[in-house]
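One-letter residues, chain by chain:
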Amino acid sequence: LVACSPHIWNRAESVSTLRFAARAKKIKNKAQINKKRTRDQMESRIKQLEEMNLALKKKLKEKKRGSKNESGGSTQLWQALAEIERLKIALKKKDEIIEQLEHDLKGKDHIVDEMNEEYSEKTKGLQKDISDRDDTIHDLQN
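Attention here is on the structure that accompanies the text.

Rules used throughout
- Positions within a chain are numbered from 1, following the residues in the order the chain's sequence is written.
- With the structure being a predicted model, the display of local features is reserved for residues of pLDDT at least 70 and the display and counting of side-chain atom pairs for 80 or more, all residues being used for whole-chain, interface and lining totals.
- Side-chain figures throughout are based on the complete set of non-hydrogen atoms in the structure, without hydrogens or water.
- A run of H or I in DSSP becomes a helix once it reaches four residues, and a run of E becomes a strand once it reaches two; helices and strands are each numbered from the N terminus.
- Here the globule rule is a power law, 2.2 Å times the number of residues to the power 0.38, and the radius of gyration is based on C-alpha atoms.
- Note on classification: 1.4 Å probe, protein chains only; a residue is buried when its accessible area is under 20% of the maximum for its type, exposed when over 50%, partly exposed between these limits.
- Think of a salt bridge as a Lys or Arg side-chain nitrogen and an Asp or Glu carboxyl oxygen that are within 4 Å of each other.
- Only residues above 30% relative accessible area that lack a salt bridge enter a patch, with like-charged residues linked at up to 9 Å and the nonpolar side chains Val, Leu, Ile, Met, Phe, Trp and Tyr linked at up to 5 Å.
- Methods summary: accessible areas were calculated by the Shrake-Rupley approach with a probe of 1.4 Å, and residue burial reflects only the protein chains presented.
- Positive charges come from Lys and Arg, negative ones from Asp and Glu, while His and the chain ends are left out of the count.
- All charge positions are set by atom: Lys at NZ, Arg at CZ, Asp at CG, Glu at CD.

**Focus on the overall build of the protein chain**
The helix and strand inventory of the protein chain stands at 3 helices and 0 strands. Going from N to C terminus, the protein chain has its helices and strands arranged as α-α-α. The C-alpha radius of gyration computed for the protein chain amounts to 32 Å, which surpasses the reference 14 Å derived for 142 residues by more than 25%, pointing to a less compact arrangement than a globule. Principal-axis analysis of the C-alpha atoms places the extent of the protein chain at approximately 105 × 45 × 20 Å. Each of the 142 residues in the protein chain was classed as buried or not, and the buried ones make up 5%.

So this is what it looks like as structure tokens:
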């Protein structure tokens, strides 16, 4: 619901209000219900996370000990190569995501251009209506 004044003095404000209304009309909200968990569920999740934390700490200590004990390192070389391959795969996935986001952005630019064109047409129509009303008022006063 938009309130606009037909008077020429309020033209800029009316146009701005109409643009805002068009943008607001296109907003889509998605409501999401938060999951409620029981105390037992929360305690079991905390316990699970604590166990995972301990296992990861243990794995980290073993890895640190292993790198200190290894003398030259064919194992370290293989680990480094495996890490490089893992990073290459991760980089490729990130590049694909970036390409998808750029494609989506181009689609959004098209929507913005359409909205600007629509606003321009509405503005011209409003200006013509205002001009016609001003002419009518002027004619009635004379």
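Alright, that's what it looks like, and here's the rest.
**Details of the pattern of salt bridges**
Going through the model one piece at a time under the given rule, you end up with 5 salt bridges. The shortest N-O distance in the salt bridge between Asp 132 and Lys 128 comes to 3.1 Å. One end of the pair, Asp 132, and the other, Lys 128, are both in helix H3 (residues 74-141), 4 residues apart, so they sit about a helical turn from each other. According to the relative accessible area criterion, Asp 132 is partly exposed, its value standing at 35%.

**Details of a negative patch on the surface**
Together, Asp 109, Asp 113, Glu 114, Glu 117 and Glu 121 line one region of the surface with negative charge. Inspection of the secondary structure puts Glu 117 in helix H3. What makes Glu 117 exposed here is its relative accessible area of 53%.

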